[in-house]
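For reference, the chains in residue letters:
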Amino acid sequence: MPKHLAHGFNTIQIAEGLKTGHEVTVKFLPEVFNYGADDAEWIPKVGKERSCVITQDLNISKRKDELELYQKNGVGMFFLRGRSKKQGLSIWEMVQALSKNWDAICKIALEEERPFGYTFQLNGKMRKVV
């Protein structure tokens, strides 16, 4: 998720959390772990926090060592799918996709056993993959 979307969704979620009583914090990973941090460094920390990651990197399932690292450390994954394998989403389309799925993302993040993985897209459809 781009930095400005993470900050925006965090701001919105703070107010929503006060209303619902469900505390969800949205962070931009490079601000927490520095740009270029090695996966073996930050994934275990995310897992210890019982956190989730929202990413457009759908190739994780092809990189067995990285997928294993997520699973071993109990990280929840949400994969934002583009229109096709070659065409991602514009920022506004990401806002729409995240907004349509936000309630489900928060519910899963707060309640579901880890590790897990879900894909979601602009049309609002969410599908469990891991």
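Residues numbered from 1 in each chain as written. Predicted model: local features only at pLDDT ≥ 70, side-chain atom pairs only at ≥ 80, totals over all residues. Heavy atoms only, no water.

**Student:** What's the story with the layout of surface pockets in this structure? I'm lost.
**Tutor:** One way to see where empty space is left: roll a probe the size of a water molecule over the atoms. In this structure, the largest pocket spans a volume of roughly 910 Å³. Along the wall of the largest pocket there are 38 residues; nearest its centre are K27, L29, C52, V53 and I54. Every element with two or more residues in the lining of the largest pocket is listed here: α2 (29-33), α3 (39-48), β1 (52-55), α4 (64-72) and α5 (91-111). For the lining of the largest pocket, the element with the highest residue contribution is α5, accounting for five residues. The residue inventory of the lining of the largest pocket, partitioned by class, reads 24 nonpolar, five polar and nine charged. (1 Å grid on protein atoms, 1.4 Å probe; cavity = no way out; pocket = protein on both sides within 12 Å on 5 of 7 lines; lining within 4 Å. Points joined across faces, edges and corners; volume = space filled by probe spheres on them. Helix = DSSP H or I, 4+ residues; strand = E, 2+ residues; numbered from the N terminus. Nonpolar A, V, L, I, M, F, W, Y, C, P; charged D, E, K, R; others polar.)

**Student:** Could you clarify how one ought to interpret the sheet that holds strand β2 (residues 76-80) in this entry?
**Tutor:** In a beta sheet, neighbouring strands pair by backbone hydrogen bonds and run either parallel or antiparallel. Sheet architecture is open: four strands sit in the order β1-β2-β3-β4, paired in mixed fashion. Sheet topology places β1 and β4 (126-128) at the edges, where each strand pairs with a single neighbour. Neighbour-to-neighbour, the strand axes of this sheet turn through a mean angle of 20°, independent of strand direction. Most of the contacts of α5 go to strand β3 (residues 116-120), to which it runs at about 155°, and overall it touches β1, β2, β3 and β4. (Pairing = 2+ DSSP bridges. Axes fitted to C-alpha atoms, helices over the stretch in contact; angles between N-to-C directions. Contact = heavy atoms within 4.5 Å.)

**Student:** Help me out: how do you make sense of the packing of aromatic side chains in this one?
**Tutor:** Each aromatic ring pair is described using two quantities: the centre-to-centre distance and the angle formed by the ring planes. Using the criterion set out here, one finds seven aromatic pairs in the structure. Centre to centre, the rings of W42 and Y70 are 6.1 Å apart; their planes meet at 75°, and the pair counts as edge-to-face. With W42 in helix α3 and Y70 in helix α4, this residue pair connects regions lying 28 residues apart in the sequence. For the pair W42 and Y70, a shared accessibility class is recorded, and that class is buried. On the numbers, 6.1 Å between centres and 20° between planes, the contact of F78 with Y118 is stacked. (Phe/Tyr/Trp six-rings, centres within 6.5 Å; stacked < 30°, edge-to-face > 60°. Buried < 20%, exposed > 50% of the residue type's maximum accessible area, 1.4 Å probe, protein only.)

**Student:** Hey, could you run me through the nonpolar core in this one?
**Tutor:** The tendency in soluble globular proteins is for nonpolar side chains to be buried as a group. The biggest cluster of nonpolar side chains holds 21 residues, and the ones touching the most others in it are I54, F78, L98, W102, I105 and F120. At the level of elements, α1 (3-20), β2, α5 and β3 are the ones that each hand at least two residues to this core. Sort the elements by how many residues they give to this core and α5 lands first, with seven residues. Not counting residues up to four positions away in its chain, the partners in contact with W102 are M1, F9, Q13, V26 and I54. One finds I60, L67, L69 and V75 within the second-largest nonpolar core, a separate group that totals 13 residues. (Core = buried A, V, L, I, M, F, W, Y, C linked by side-chain atoms within 4.5 Å.)

**Student:** Help me out: how do you make sense of the pairing of β3 in this one?
**Tutor:** If a strand is regular, its side chains alternate between the two faces of the sheet. Counting buried positions along β3 yields five of five residues, so the element is predominantly enclosed. Taking every second residue as pointing to the same face, both faces of β3 are buried, with F116, Y118 and F120 on one and G117 and T119 on the other. Pairing of β2 with β3, which is carried by five bridges, proceeds in the parallel orientation. Residue F78 lies in a different strand from β3, and its bridge partner there is Y118. Taken together, β2, α5 and β3 form a β-α-β motif whose crossover is left-handed. As defined by bridge partners, β3 adjoins β4 across three bridges and the pair is classed as antiparallel. Its bridge partner being in β4, Y118 is matched across the sheet by K128. The hairpin formed by β3 and β4 contains five residues between the paired strands, and G124 there has a positive phi angle of roughly 90°. (Right-handed = clockwise from strand over helix to strand, strands pointing away.)

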